[in-house]
Amino acid sequence: MTLFLLIVLPILAGLVILGLKNKSAKRNFSLAVLVLSLVWSIFIFFRPVQDITIELLGDYNLSLGLRSLSGLILIFIDLFGVLICIFSGGYKEEKSFYFSCLVWLIAFSNLVMLALDFITLMFGWGANLVLLYVLLSLGSGKSARKALYIVGLADFLLLLGIGIYVAATVNITIPSNLGVVLDRPILWVSFILMLIGALAKAGCMPFHTWIPDASEEVPVPVMAILPASLDKFLGIYLLARICLDFFSLNNVAMGLLMILASLTIIFAVMMALIQHDLRKLLAFHAISQVGYMVLGFATAVPVGIAGGIFHMINNAIYKSGLFLTGGIAAEKRNTFDLEKLGGLAAFMPVTFFCGLVFALSISGIPPLNGFASKWMIYQGALIGLFNSTNKIMSAIFIFSLVAAMFGSALTLASFIKFIHAIFLGQDHSSEKKPVIEAGLKLRFPLMVLALLCILLGLAPSAFVLSYIQPYLTANIYFIGSWESIFVLLFIFFGLALGFMFWASNKAKTTMKQDGPFIGGETTALQASFPATEFYRSIEEMPLLAMAYRVLKLQALDLYNILICLMNVLAYFLFILVDRFIYLITNAFGYAVLGLSWFFRRLHTGLLDFYLVWSLAGLIALFIVLMLR
Amino acid sequence: MTPLTLTICLPLFGAFIIAALPAKYKSRLSVFVLGLTFLASIFCLFAVFNKEQLSFRQAVNDWFSLSFFADGLGVFMASVSSFVAFLISIYSLEYMQDYPQKNDFYFWMVLFVGSMMGLIFSANLLLIYCFWEITAVCSWRLIGFYRREKDTKAADRAFLTTFFGASLLLAGIILIFINQGTLDLNLLERKTLFNWAAFLLLAGIIAKSAQLPLQTWLPEAGVAPTPVTALLHAAVLVKIGVFIFARLFKTTFVVSQSFFDITVFISTATIIVGGAGALVENNMKRILAYSTISQLGYIILAFSLTDNLAFTFGLLYILAHSLAKAGLFLCAGIVEHKTGTKNINELGGLLKQMPVCATAYLACAFSIIGLAPFLGFWPKLGIIWLTIKEGRLVAASFAVIGALFTMFYLMRLFNKVFLGEVKIQAQEGKNSLMVYTVAILGALSLLFGLVVKLPLNLISGLLR
């Protein structure tokens, strides 16, 4: 019953919240429910409770319990619920159903995590899609529809894939041990379909296009909870279960996943590099990071898999942190355009510090958590490379390793732009007014997330070994040892050394400043360039320019392809089948009318006419009889 | 009077009383009669659930008897259709009040529900045929309600197509009588039905349930007033065919596997073609009519599977579809009533003006698409999985494509009508009965989805 409460309580609470009139009452009530849910999830993580089953029909049941990773992810889901709820309280005014949807979202995500059978999983999964649609429609109907179509397509394919899997393995409960070997074509079909479902939820290429579109219109907290954290949790969780429990991957499957992962990392980060809208920049990074997680699983090496799981958690932490940071900054200056921001660090030190931690973390700078998990994924790829006997596989390993590292470098490049454009440099806003630091409701979630980044970065192996290792069948073996504390000490030592140099030099010399000199004429001190300016040149480089042109092609957008395909199919079927039958029925109708017209014409009312017909009939009868 | 005879007689005789009464009482009395019919059917439902025998028998001769019986399938269908019909009658109180021909309307509608009840509970094949034709006559009058040329044409098309099917059905019934010597369903139970007779019966069902290739009459019938289309397309008329399919091929006769192979083929083809038609059309009612064609394919598909669970899911689909599709038609009706057009290209931005209607539309649409946590999710998932389980992977894939079509056309309709720029100003109006009705249908689609154990246990309890 305890598990049941994690789902039923928020669902009912959501209904109550919907009925509340007062905005702050809505927020406080949802916060209370979410905190309760968080406490509950922590409680059941440490003291496992009994599974529960609700019988529906035959072997179609709803069964809940904790298996594998679900307990851990459950805690993070509920934590994000609480943090986003706090943040939303301090953010702009939301629609009346926002808090209800938030609470329901957490409820159904909990359901996915607690699902022990496929029908429960699909139920929670589908409900998440509906809530995704409703929450994205806070932005605009168009982006919400795009998400619904793409993720909906993937969900239905997932349904089909799971159906095939259930039929092939004759088991409707979610397996939690070594999966079936991919040895039959039908299992391959099931594997690919399920993979599409998981990857589309996580936002992997080519199912990603709705994320950047939505980011431009949807309120920041929604982006921070959905594409940045919950969708990743659900998608990567399912991917983990597919790769670990449902199927045992072979080389082909691994290679396929690795190539997909590498392409996602590179292409998404390249697109991120040239964005001027901070939400779109983050959205493309949200896509790029999925590549790392998928890569971790694709290595099929314990350290890589653990790295993938760890990266999922880390990514959710810093990515939602980044969205929230961006949201605060943008709210202060009323723009999301990176070219119009700048110089906010002086006014908002806490937000700046947190933003910096997130930015460094996502770029994989030690000793933060992003580095720790990326490092594990690299190790996984390296071990895979060493163990591989197949030449093609070795090549793929090398390719993906290079892609991952290159992607990491580009991530750093784009986050230097992010931090510089928002917090450092000069103020490029039109008003140039000083702003005040964000309120506590906005700052608190940021601080918690930044603290998590640092803590998980300082003690990654402790976290991984105690919370992720138990769910893997093999032991994690680190080939590269890594002690964060030492690195941290070194960093502090370096900082202290630098400070000493600075302090000792300051006493002797004073800084001289000179005005700009242009051809002997005096000019005003206005020659400052936005941080984004430099990145424009990348877009115009000879080879890259072509690549960008292809990447930006609307025709490659899965959404457009899908719409086009469905419409063509629809017209084709409509005209060839439906209208054809319509024509035939009409022709039949006209034939009947024509026949009756013909017989009507025969009724002239003249006696001799009828006589002729009778005689003709008699003759015909006579001939027939004669011929027999 | 048992609840069984009450359920049949109330609307059948009530219709004539309504016809005889002065105009101002007709509308309210029809709501009252249909409400009582619903109550009576609920009594039947509980009686059958508690394993009570309900039957009425008045033998006439060896091939015809005035006999009725209530079983799980029958009471389920009766409760669902009478409930939706009741809601539609409440809706039409407001919708029909401005139409001059409304006096006719109530008589035909109540008579229609009555003949549906009679058909559901009939225990004799010929009696089924009689009620079958009464419903055809009622629908003919109701579709051609406005008596313009295009209305009568559409009505004729509907009548002729279903009559064509019905005559084949009658031929099938005669064949059964020649072969078995009786038309009593209870005596015919577990008898093997040879393919010829089965296909003749199927032709009637296909015509009534608008399956390929006899589907063209249903989209044309959209010219009727909205309560009629909701009643015919969503709740009652098209479900007759599906019901008879279940009645004959699932609970009475034993038919060969090759017969079900054919019906699986027909239903999957219908799912796809109906969905395609709905995506192409621009008229709200035609879109929803094609949608009905497509969704009925899922029900026939469910009934064509051998698994008993599939039968239960098929019945659940009937419930989900009746509620949600009635909701969709009635929403479209409100929009049409307030704006005066059915063309989705002339509409837009009504979300702000009609928030309740739009929300109800969305809930019903999600249910039809088969998204959790709405009711439609459960049967769609069950049917697709059970289809795969029986090794019909291609059919299951087509069913998934059909679901995608459903998502596309229902959301396209939503986007064009409720989102975007406002093209025609309209208000849904406060305290409108029509809005309440659609809100109830939308809420039920969600509620039953969340507590699906309730309808599922009810259905499996009834079938046991």
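Parameters at a glance
Residues numbered from 1 in each chain as written. Chains lettered and ligands numbered in written order. Predicted model: local features only at pLDDT ≥ 70, side-chain atom pairs only at ≥ 80, totals over all residues. Heavy atoms only, no water. Helix = DSSP H or I, 4+ residues; strand = E, 2+ residues; numbered from the N terminus. Rg over C-alpha atoms; globule rule 2.2 N^0.38 Å. Buried < 20%, exposed > 50% of the residue type's maximum accessible area, 1.4 Å probe, protein only. Expected span 1.5 Å × (residues − 1). Contact = heavy atoms within 4.5 Å. Axes fitted to C-alpha atoms, helices over the stretch in contact; angles between N-to-C directions. Parallel < 35°, antiparallel > 145°, perpendicular 65-115°, else oblique. Left-handed = near helix turned anticlockwise from the far one by under 90°. Nonpolar A, V, L, I, M, F, W, Y, C, P; charged D, E, K, R; others polar. 1 Å grid on protein atoms, 1.4 Å probe; cavity = no way out; pocket = protein on both sides within 12 Å on 5 of 7 lines; lining within 4 Å. Points joined across faces, edges and corners; volume = space filled by probe spheres on them. Salt bridge = Lys/Arg side-chain N within 4 Å of Asp/Glu carboxyl O. Buried area = accessible area lost by both parts, 1.4 Å probe. Polar contact = N/O pair within 3.5 Å; in protein donor to acceptor, adjacent residues only side chain to side chain. Pairing = 2+ DSSP bridges. Phe/Tyr/Trp six-rings, centres within 6.5 Å; stacked < 30°, edge-to-face > 60°. Lys NZ or Arg CZ within 6 Å of the ring centre and 35° of its normal. Core = buried A, V, L, I, M, F, W, Y, C linked by side-chain atoms within 4.5 Å.

Undergrad: Would you explain the overall build of chain B in this entry?
TA: Of the regular secondary structure elements, chain B holds 19 helices and 2 strands. Relative to its length of 464 residues, chain B is compact, with a C-alpha radius of gyration of 21 Å against a globular reference of 23 Å. Here the C-alpha coordinates of chain B stretch approximately 65 × 55 × 45 Å along the principal axes. Burial status across chain B gives 68% buried among its 464 residues.

Undergrad: Just checking my understanding: could you explain helix α16 (residues 377-389) of chain B for this structure?
TA: Each α-helix turn comprises 3.6 residues. Residues three or four places apart therefore point the same way. Residue and element names in this part refer to chain B. Between its first and last C-alpha, α16 extends 18 Å over 13 residues, near the 18 Å set by a 1.5 Å rise per residue. Among the 13 residues of α16, 12 are classified as buried, and the element is accordingly described as predominantly covered. Taken together, the buried positions of α16 are F377, W378, P379, K380, L381, G382, I383, I384, W385, L386, T387 and I388. Once α16 ends, the next one or two residues include G391, with phi positive near 80 degrees.

Undergrad: Looking at this structure, I do not really get the environment of V438 of chain B. What am I missing?
TA: Residue and element names in this part refer to chain B. Along the chain, V438 falls in helix α18 (residues 433-450). Owing to a relative accessible area of 0%, V438 belongs among the buried residues under this scheme. Separated by 11 residues in the primary sequence, V438 and Q427 place their C-alpha atoms 15 Å from one another. The contact partners of V438, leaving out residues within four places of it in the chain, are G327, L330, C331, I334 and A360.

Undergrad: Is there a simple way to explain the packing of helix α9 (residues 220-246) of chain A against helix α11 (residues 278-298) of chain A in this structure?
TA: In helix packing, the relevant descriptors are the interaxial angle and the interaxial distance, both defined with respect to the helix axes. Residue and element names in this part refer to chain A. Running from N to C, α9 and α11 point in directions that differ by 20 degrees, and their axes come no closer than 10 Å. By the angle between their axes, α9 is roughly parallel relative to α11. The way α9 lies across α11 gives a crossing that is right-handed. Contact with α9, carried on its side by K232, I236, L239, A240 and C243, involves A286, V290, M293, V294 and F297 of α11 and no other residues of that element. Residues of the contact of α9 with α11, tallied by class, amount to 9 nonpolar, no polar and 1 charged.

Undergrad: Is there a simple way to explain empty space enclosed by the protein in this structure?
TA: Which parts of space are left empty comes out when a probe the size of a water molecule is rolled across the atoms. Applying the stated criterion across every chain yields a total of 5 cavities of 30 Å³ or more. The volume enclosed by the largest cavity comes to roughly 90 Å³. Mapped onto the lining of the largest cavity, the elements with two or more residues apiece are α5 (118-136) and α6 (141-169) of chain A together with α16 of chain B. Within the lining of the largest cavity, the residues separate by chemical class into 7 nonpolar, 2 polar and 2 charged. Taken as a whole, the second largest cavity encloses approximately 60 Å³ of empty space. Looking at the second largest cavity, the residues that line it are Q295, Y317, A320, H321, A324, S367, I368, G370, G376, P379 and K380 of chain B. Mapped onto the lining of the second largest cavity, the elements with two or more residues apiece are α14 (308-339), α15 (355-369) and α16 of chain B. With 4 residues, α14 of chain B is the largest single contributor of residues to the lining of the second largest cavity. Split by residue class, the lining of the second largest cavity holds 5 nonpolar, 5 polar and 1 charged.

Undergrad: What exactly am I supposed to notice about the pattern of salt bridges here?
TA: Pairs may arise between side chains of opposite charge once their charged atoms sit close together. Considering all chains together, one arrives at 15 salt bridges over all chains under this definition. For D104 of chain B, the salt bridge is made with R147 of chain B, and the minimal N-O distance between the two is 3.7 Å. With D104 of chain B in helix α4 (residues 102-121) and R147 of chain B in the loop between α5 (125-143) and α6 (149-180), the pair connects residues that are 43 residues apart, well separated along the chain. Classification of R147 of chain B as partly exposed rests on a relative accessible area of 36%. The structure contains a network of salt bridges with shared partners spanning K146, D213 and D557 of chain A.

Undergrad: Please clarify how the environment of L296 of chain B should be interpreted in this entry.
TA: Residues and elements named next belong to chain B. Tracing the backbone through its elements, the reader meets L296 in helix α13 (residues 284-303). Residue class for L296 comes out buried when judged on its relative accessible area of 0%. C-alpha separation for the pair L296 and K239, spaced 57 residues apart in sequence, amounts to 8.0 Å. Not counting chain neighbours up to four residues away, the residues in contact with L296 comprise S209, Q211, V238, K239 and V242.

Undergrad: Whenever I open this one, the interface of chain B and chain A confuses me. Can you help?
TA: In many reports, interface size means the accessible area that the parts give up when they come together. Each partner contributes to the interface: chain B provides 57 residues, whereas chain A provides 49 residues. Carbon and sulfur atoms supply 81% of the area that chain B and chain A bury against each other, a total of about 4,600 Å² over both sides. Where chain B meets chain A, there are 9 residue pairs in polar contact (both at pLDDT 80 or more). For the side of chain B that touches chain A, the elements supplying multiple residues, two or more each, are α12 (257-280), α13, α14, α15, α16, α17 (393-418), α18 and α19 (453-463) of chain B. The element contributing the most residues to the side of chain B that touches chain A is α17 of chain B, with 14 residues.

Undergrad: Before we go on, may I ask you to explain unusual backbone geometry in this structure?
TA: Peptide bonds are mostly trans, and most non-glycine residues show a negative phi. Residue M205 of chain A is joined to P206 of chain A through a cis peptide bond whose omega torsion reads 0 degrees. Relative to the assigned elements, P206 of chain A resides in the loop between α7 (185-202) and α8 (210-215). Of note, the bond from A372 of chain B into P373 of chain B is cis; its omega dihedral lies within 30 degrees of zero at 0 degrees. With respect to the element layout, P373 of chain B can be found in the loop between α15 and α16. Notably, A300 of chain A is not glycine yet its phi reads approximately 60 degrees, a positive angle. Assessed through its relative accessible area of 39%, A300 of chain A is described here as partly exposed. Phi at A210 of chain B is positive, roughly 55 degrees, even though this residue is not glycine. By the element assignment, A210 of chain B lies in the loop between α8 (195-208) and α9 (217-220).

Undergrad: How should the pairing of strand β2 (residues 60-64) of chain A be read in this particular structure?
TA: In summary, the side chains of a regular strand alternate between the two faces of the sheet. All names here are of chain A. Across the 5 residues of β2, 5 count as buried, placing the element largely inside the fold. Burial along β2 is two-sided: the residues Y60, L62 and L64 and N61 and S63 are all buried. Where strand β1 (residues 52-57) meets β2, 5 bridges bridge the pair, whose relative direction is antiparallel. Within β2, the position partnered with I54 by the bridge is L62. Counting the residues between successive antiparallel strands, the hairpin from β1 to β2 contains 2 residues, one of them, G58, with a positive phi of roughly 55 degrees.

Undergrad: Hey, could you run me through the packing of aromatic side chains in this one?
TA: For any pair of aromatic rings, geometry is given as the distance between the ring centres together with the angle between the planes. All names here are of chain B. One pass over the full model with this rule turns up 52 aromatic pairs over all chains. An aromatic cluster is built from F199, F245, F249, F259, F260, F303 and F311, whose rings are joined through pairwise contacts. Directly above the ring of F260 sits K250, whose terminal nitrogen or CZ lies 5.4 Å from the centroid. The lysine or arginine in question, K380, covers the ring of Y298, its NZ or CZ lying 4.6 Å from the ring centre.

Undergrad: In this structure, what is going on with the nonpolar core? I would like to understand it.
TA: A general trend in soluble globular proteins is that nonpolar side chains are found buried together. Membership of the largest hydrophobic core comes to 423 residues, with the highest contact counts inside it found for F118 and F233 of chain A together with L125, F249, F366, W385 and M411 of chain B. A total of 20 residues in this core trace back to one element, the largest contributor, which is α14 of chain B. Beyond its immediate sequence surroundings of up to four residues, F118 of chain A is in contact with I162, Y165, V166, N171, I172, T173, I174, P175, M194 and F246 of chain A together with W385 of chain B.

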